[in-house]
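# Inside the fold
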Amino acid sequence: MAKLKICGLTCKEDIEAVNGAKPDFAGFIIEVPGRRRSLTAEQVKVLVKGLDKEILPVGVFVNAAPELPISLLRDGTLWAAQLHGDEDEDYIEKIQNMTGKPVIKAFSIKTPEDVQRALRSPADYILLDQGAGGTGEPFDWTLVPPVRRPFFLAGGIGPENLRSAIGTLHPWAVDLSSSLETDGRKDRAKIQQIARMLKQINTLEAYRKERETDLE
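The shown structure was predicted, so the numbers you read here are calculated from the model rather than taken from an experiment.

Rules behind the numbers
- Residues numbered from 1 in each chain as written.
- Predicted model: local features only at pLDDT ≥ 70, side-chain atom pairs only at ≥ 80, totals over all residues.
- Heavy atoms only, no water.
- Helix = DSSP H or I, 4+ residues; strand = E, 2+ residues; numbered from the N terminus.
- Buried < 20%, exposed > 50% of the residue type's maximum accessible area, 1.4 Å probe, protein only.
- Salt bridge = Lys/Arg side-chain N within 4 Å of Asp/Glu carboxyl O.
- Core = buried A, V, L, I, M, F, W, Y, C linked by side-chain atoms within 4.5 Å.
- Contact = heavy atoms within 4.5 Å.

### Let's talk about unusual backbone geometry
Most peptide bonds are trans, and most residues other than glycine sit at a negative phi. With a phi close to 60°, Lys-22 is a non-glycine residue in the positive phi region. Secondary-structure assignment places Lys-22 in the loop between α1 (12-21) and β2 (25-29). Take Lys-22: its relative accessible area is 42%, and that puts it in the partly exposed class. For Glu-31, which is not glycine, the phi torsion reads 50° and is therefore positive. For Glu-31, the position within the fold is in the loop between β2 and α2 (41-49). The exposure class of Glu-31 is partly exposed, given its relative accessible area of 40%.

In structure tokens form, the structure reads like this:
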């Protein structure tokens, strides 16, 4: 039963769109220079207040001073911190120890060694990505062996390959952003479509497992 994270929310309209679709997680890029979806901490606080209480807010950071994610986790703005920079194990463990909140560490997957490095991470969750950001292209999924720890799958996932992504890698959650946009802005119809697709996929998977259990 894969979960859904929609990332890169930037405005009130985005919040209204995800509230209607009810993904499991909503992602906000926080104070990352050069990223067009980047927001200040204060902007994120305002947007999260309008987020449906069943949707968990995740902050995306790149080499931020640890005090930034720690403050937003401690004050309840964020459920988890997602790290996309060169943050090491000490950085991850500091956030965990000082907040008691989950940390998601992203890894760019280009070789089998990259996967093994991700699997050794002390983060609560790992995120496997193609690393280039916004290219719309997935990485080589054959590099990933069966993964026993919960992980997010990102990079080039959209309606055309969502079923294949889940069927091939069985991620705990899928993370989408640019594939849900039109002209650089989140598209409500695309968000609704992907939420419906995932619900159908999960329903079929649950039915398949139930049938397998009945036949045993």
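### Some points on the pattern of salt bridges
Within this structure, the stated rule accounts for eleven salt bridges. Residues Asp-75 and Lys-45 are paired through a salt bridge, measuring 3.6 Å at the closest nitrogen-oxygen approach. Here the residue Asp-75 occupies a position in the loop between α3 (67-74) and β4 (80-83), and Lys-45 occupies one in helix α2, the gap between them amounting to 30 residues. Notably, a salt bridge pairs Asp-114 with Arg-117, separated by 3.7 Å at the nearest N-O pair. Linking Asp-114 with Arg-117, this pair stays in helix α5 (residues 112-119), spanning three residues, or about one helical turn. Asp-114 sits in the buried class, given a relative accessible area of 14%. The exposure class of Arg-117 is partly exposed, given its relative accessible area of 40%. In the salt-bridge network here, residues are joined through shared partners; they are Arg-36, Arg-37, Glu-181 and Lys-186.

### Observations regarding the nonpolar core
Here is a general trend for soluble globular proteins: nonpolar side chains tend to be buried in one another's company. Ranked by internal contacts, the top residues of the largest apolar core, which has 59 residues, are Phe-28, Phe-61 and Leu-162. Ranked by residue count, the leading element in this core is helix α7 (residues 188-215), at six residues. Core analysis: the next-biggest nonpolar cluster, separate from the first, contains ten residues, Val-58, Ile-104, Ala-106 and Ala-154 among them.

### Here's the deal with the environment of Leu-68
Structurally, the position occupied by Leu-68 is in helix α3. For Leu-68, a relative accessible area of 17% corresponds to the buried category. Put simply, Leu-68 and Pro-159 are 91 residues apart on the chain and 34 Å apart in space, counted from C-alpha to C-alpha. Ignoring anything within four residues of it in the chain, the contact list for Leu-68 reads Ile-30, Glu-31, Ala-41 and Phe-61.

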